[in-house]
Amino acid sequence: MPSLSTQTSGAGRKTFLAQHPSVMWFLLALALFTLGVTVLAEATGAGLISTSFVKTLGKTLCLCLVAIAMDVVWGYCGILSLGHMAFFGIGGYAIGMWLMYARTEIIVRDSLLAAPIPPTPQEITDGIGTQIFGVVGSAEFPLIWAFADSFALQLLMVILVPGLLALVFGWLAFRSRVTGVYLSILTQAMTLALSLYLFQNDSGLRGNNGLSGLQNIPGFETVSQDAISIGFFWASAVALGLGYVLFAFVVSGKMGSVVRGIRDNEARVRFLGYHVESYKLFVFTLTAIVAAIAGALYYPQAGIINPAEIAPIASIYLAVWVAIGGRGRLYGAVIGAAFVSLVSSWFTGGGAPDVELGIYTIKWTDWWLVLLGLSFVAVTLFFPQGIGGLFDRLVRNPTPDAEGQK
Amino acid sequence: MLRAVLAALVCYVLALAPNPLLAQTSLQSLLQTQKDEVLKPSRASVGAVLDTLVASNLPGVQDFLEKWQERQVVLNTEDGLFYFATGAQGDTLLLQDIDSGASLQAPKSALTDSRPNGGVRKEIAGALVRFQLSGPDIEKRRAAVEAIARAPSADVVGLLQASAQAEPDPALKAQKQRLAQILVARFAPDSAARIAAITGFSGALSLDIRAMLNQILETRPGVAPARPNANIAEILQPGSDALPIAAAYEQLVAADLAPPMISPAQIKETLAQNISAGAVAGIPLAQLAQPDRRIAAYQALVAQGKAAPLVGPEDMTKALNAHVFYLAYIEPDRAITDAARATLQDIETAVAFNKGADLALDALSLASIYFLAAIGLAITFGVMGVINMAHGEFIMIGAYTGYVVQQFVPDYTLSLIVALPLAFAVTFGAGVAMERLVIRWLYHRPLETLLATFGISIALQQLAKNIFGTQARPLTSPAWLDGAWVINDVVQISYIRIAIFVLALLFLGLILVVLKRTRLGLEVRAVTQNPGMAASMGINPDRINMLTFGLGSGIAGIAGVAIGLYAKVTSEIGSDYIVQSFMTVVVGGVGNVWGTLAGAGMIGSLQKGIEWLNPSNTLAAQTYMILFIILFIQFRPKGIVALKGRAAGD
Amino acid sequence: MKRLLEVSGVSVTFDGFRAINNLSIQIGQPELRAVIGPNGAGKTTFMDIITGKTRPDSGTVTWGEKGVSLLAMSESQIARLGIGRKFQKPTVFEAQTVSENLGLALKNRRGPLDVLMYRRSRRDTARIGEIAEEIGLSAQLARPAGQLSHGQKQWLEIGMLLAQDPQLLLVDEPAAGMTPSEREHTTDLLRRAAETCAVVVVEHDMEFVRRLECKVTVLHEGAVLAEGSLSHVTRNQDVIDVYLGR
């Protein structure tokens, strides 16, 4: 588990975590959950949880991480971004490029070493190029793969590329005072443009084939998928814990006050002397980077990424999770993402039993989306606070917004 | 004019009259004179038979040639006569007398087929063309002209010109003359006649003429030590875009003017063949992972005479510099290629101009589709500040309504007339229901409306999949909407697109009338500009919102029928248009019909323009368009037609 | 009295409608000034121009003794210079507590990183207490602002202005919808504020203006119609025509 970050401040102050018991509780729950899964998993424990389910759980943790990022940008700052799954996908692509390059390099090197004459570096590079880009009728490495051979640089790309994209796009959008529904549509357009670009064969990222074989981690060929999946599960849990603490820190205190002020009345915050655009840009970019990190952890567990994952619909689903979970509270986003994505895979995976109606049989694989859509409408209409709102009522903490400023 | 027709008629009658000299001879007797040639024709010698037959002017010649070409001519060895085979009954063949047409039978064993091979049949076809070109059946004459156009050859020029003289149908006559001119331009022996024909086509847009000129201007690449004495089209510089260095050198190698390159792969192979004791030419294998050591090892092999010498970059440059690379016209006559080039340039200018017009038409029709798809969205957004994410699904509902109506009303025209108002009614109802049940409760929370309507959108889309399946359903347009209005070979527009354009105009007018001339429109405009004030003046905003939403949705239904007519109806038909519709509204500016029109016009022409610049890649076109829109918003955040002052609500 | 704000020759047009027409006003420091005028006289637009919300078509707006132009600055830059604005409708952050509202307004560094790392110091806590005392909300510090009464929200907003340590306060109809005793309190607040800084009050209510006992500027059709003490301007024939005549 992450070390508990503490804020040392004025004398006699309580630590950040002590001031925010809900963060404490969340971290505790996450730690218990991780421990439980570890004890029951195939690689490390009783084997009651299959490796594929460990992967599902690990992926769900990543989705929870991107959901809290979405919650911060939407629930706290009021920017309904329909582009955060695009940042998630970019993170996946960035790490996927290294995974695919390094893995292909091993294969190519092995096969070339079998020949009598040892290969030159150029031959190895050419071989990798043919392997990776043969599927789109090319063998040349596009410029964007320039750093693919370096794990460290490509990790940097996970942060830099979405960070810069969010910075530039956010600067353009916020500067021209595009707000509300307009901004949502603009972010949706950005997402669509990105996914359409990636769908092209000459985008340099294998068009609609995407990147595949990402579950094979170079350097860990001898380690079984059981162990790799539990490793990623742990990494995802740590990332979620750290992300939760980071965002809890951001949305508490004065920063949280300003950000929520922007959500409720942007002009007023401006007349108080705050440069609203900088704050929006800060939140937008920070959440984009966290979304990308979540994606970089998600896709090695998923094994494949393609442009369809970036399409606007994915980002809209992200908003759906956060809304169902309950906006404006971080644990709400976690609950929403975990609940909806797990229930969704239960229904679409054929886990839910069909319903016999005499003349018609409801097959949930067909009807799940109808149910989801309608329940989403119901949540918006009747439970605007989402599942988290019910949770709040249980623990009698009706105003999470006022939390932390006693 | 009358005289010309009369003259043509006289010629026609003369051509049909049998030659009195040969009138007594029957076709059978004529065939008997060349019995062996008819039975076993060869390409080289069949010409004589064909000439005799054609010169005889007998009425049955054309029929015989056609049957012969189709391998239906048989020789009965019992009486030594030729017959047409018309069918078989067990071991007997049904025959027909060549001259009288009388039916008879003969056992198969007694018959020998005449089996003209492919070459012979081509000759027969050539002979047939003259009959068909001036035969009585206009369809056959047309077919013959088209056959010549498909496979132009030098020898039919005169024939075509003669038959054009006699052609009674003015349209076909013009077509024949034109084709004859094309043939003259390509094949005439006299270069002055060719040049005259070529320059005569100046400004013509049709594809066949452009193809003909391009054939005259066909080039082949060549290389020589010095500039050859040929009709040179262009001298190429190695290393330019038209002739990369590698291609130039390959050309040299192919012409045996330079030794072939040794590729890295060949080097590697040669090295692999010469491994001895873990080394090649004394260089250990492990070192051969370095490119320069490989070269060294190869050079050592060359010195030992075990490999062909390498071609270095200097050798290559030297060889390239020592030769002239050129494109030469296959046509040797400079005057003709010059004329063809000038004419082609002329034509291409005209083509570019017309393509511009065609592009504008395309953009206009795309814009009308976007306008239809977006105007409902714009109205609801303008009046209620609500973005309806399910708008695309209303388009889908409209399209499926059209499809369902066609299942019950088989007449396509009638079904369209039924489908349009029905689609409006269905989506109007759906819109009103949605407004009453969902949106009404979410006013002043626009982002939540966006998400709630998105929930409806996924539910409706999946519902459509469950009902209609995932495969595309056809919405067939009536026959009178098939085809296209062809202005010339470049500019044309399909009738469906014209119909959609008209529909868009109709709705533009209708909406303007409703908004500007009716009480409802007045109230809608009042609510758009200041809902609080409108409410205090006795306007019931609830009713206005409901009606507006219904109207916006109803127009989406109409748009759905229109779009379904030319795109396949699937559950995703709406989502294909929804983002463009959003863009149209955003670019155009909220709450203004003219803004939507301007937005649709801009997005439509932008998309077509970018597609034209980069025709191979519509995905890239859409990407660039969206990027452009994001930048556009920078300069006009409120759209093209923006409300100003306090009404803008900021 | 130093010159603080100078608006000269400013004009604004919305779609052909001249909201402000060659307007010139000077404000000194400290000063209490009331701006009155009928509906559509351009009072709110005048404030919009000073605070950077609306850009004028022509004219200049300069600030302080150095004469810095405000026209090229953004709203937040202008606010940081020390110009505070109170809106007609009380706009406080209803989801946040009174203490948080005041904390937001408190004069401190406004950059995102400064704000992120900000911890409330004892001095700041004390200052919030002082202001709460002054606006009479000491007992409400921990309550969400949404639960306050209308008058309390108005005071909170004035308190937020005071927390900014402004040099110029622009106050739009502060007394609207208040009970007589609340008005009394509001008048006191504004008069006390005007001892240290410039306060410009836009008001409809003549009675309220009378109690402020200050110089009055009358706006009409986007230009200054009259200026002087209340008794002076109410005797002006033009003013009488605009308010009572026709």
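This structure is a prediction, so every number in the text was calculated from the model and none was measured. (Residues numbered from 1 in each chain as written. Chains lettered and ligands numbered in written order. Predicted model: local features only at pLDDT ≥ 70, side-chain atom pairs only at ≥ 80, totals over all residues. Heavy atoms only, no water.)

Broken down by element type, chain B carries 26 helices and 13 strands. Here chain B has a C-alpha radius of gyration of 37 Å; the compact-globule value for 650 residues is 26 Å, and the former is much larger. Its C-alpha atoms put chain B at 105 × 90 × 60 Å along the principal axes. When each of the 650 residues of chain B is scored for burial, the buried share is 45%. Long-range contacts, defined here as pairs at least 24 residues apart, represent 69% of the contacts in chain B between residues at least 6 apart. A total of about 31100 Å² of accessible surface is found on chain B, and carbon and sulfur atoms cover 60% of it. Chain B carries 48 positive and 49 negative side-chain charges, and their two centres are separated by 9 Å. (Helix = DSSP H or I, 4+ residues; strand = E, 2+ residues; numbered from the N terminus. Rg over C-alpha atoms; globule rule 2.2 N^0.38 Å. Buried < 20%, exposed > 50% of the residue type's maximum accessible area, 1.4 Å probe, protein only. Contact = heavy atoms within 4.5 Å. Areas by Shrake-Rupley, 256 points an atom, 1.4 Å probe, with all protein chains shown as cover. Lys, Arg positive; Asp, Glu negative; His and termini not counted. Charge placed at Lys NZ, Arg CZ, Asp CG, Glu CD.)

Attention shifts here to helix α6 (residues 150-163) of chain C. Within an α-helix, residues lying three or four positions from one another point in the same direction, as the helix has 3.6 residues per turn. Taking 1.5 Å of rise per residue, 14 residues should cover 20 Å, and α6(C) covers 20 Å from first to last C-alpha, within 8% of that figure. Burial within α6(C) is extensive, with 13 of its 14 residues counted as buried. (Expected span 1.5 Å × (residues − 1).)

Here we take up the interface of chain B and chain A. Counting from both sides, the interface comprises 51 residues of chain B and, opposite them, 52 residues of chain A. When chain B packs against chain A, the two sides together hide about 4400 Å² of surface, and 76% of this comes from carbon and sulfur. Considering only the surface of chain B that becomes buried against chain A, L447(B), L451(B) and Q634(B) emerge as the three largest contributors, covering 14% of it. Where chain B touches chain A, the interface holds 3 salt bridges. One salt bridge connects E123(A) with K268(B), and the closest N-O pair in it is separated by 3.6 Å. On inspection of chain B and its partner chain A, the count reaches 5 residue pairs in polar contact (both at pLDDT 80 or more). Those elements that provide at least two residues to the side of chain B that touches chain A are α13 (264-273), α14 (291-303), α19 (446-468), α24 (573-588) and α26 (618-635) of chain B. Residues belonging to the side of chain B that touches chain A are distributed by class as follows: 38 nonpolar, 8 polar and 5 charged. (Buried area = accessible area lost by both parts, 1.4 Å probe. Salt bridge = Lys/Arg side-chain N within 4 Å of Asp/Glu carboxyl O. Polar contact = N/O pair within 3.5 Å; in protein donor to acceptor, adjacent residues only side chain to side chain. Nonpolar A, V, L, I, M, F, W, Y, C, P; charged D, E, K, R; others polar.)

All names here are of chain B. The domains assigned to chain B are domain 1 (2-136), domain 2 (142-216), domain 3 (219-259 + 320-330), domain 4 (262-310) and domain 5 (359-578). If you look at the interface, domain 1 gives 7 residues, while domain 2 gives 10 residues. For the pair domain 1 and domain 2, the summed buried area comes to about 730 Å², and 80% of that belongs to carbon and sulfur atoms. Joining domain 1 to domain 2, the criterion identifies 0 salt bridges. Our count for the domain 1 to domain 2 interface comes out at 0 residue pairs in polar contact (both at pLDDT 80 or more). Of all the secondary structure elements, the ones that give two or more residues to the side of domain 1 that touches domain 2 are α1 (2-16) and α6 (118-134). When residues in the side of domain 1 that touches domain 2 are grouped by element, the largest group, 5 residues, is from α6. The residue inventory of the side of domain 1 that touches domain 2, partitioned by class, reads 4 nonpolar, 2 polar and 1 charged. (Domains from an automatic or database assignment.)

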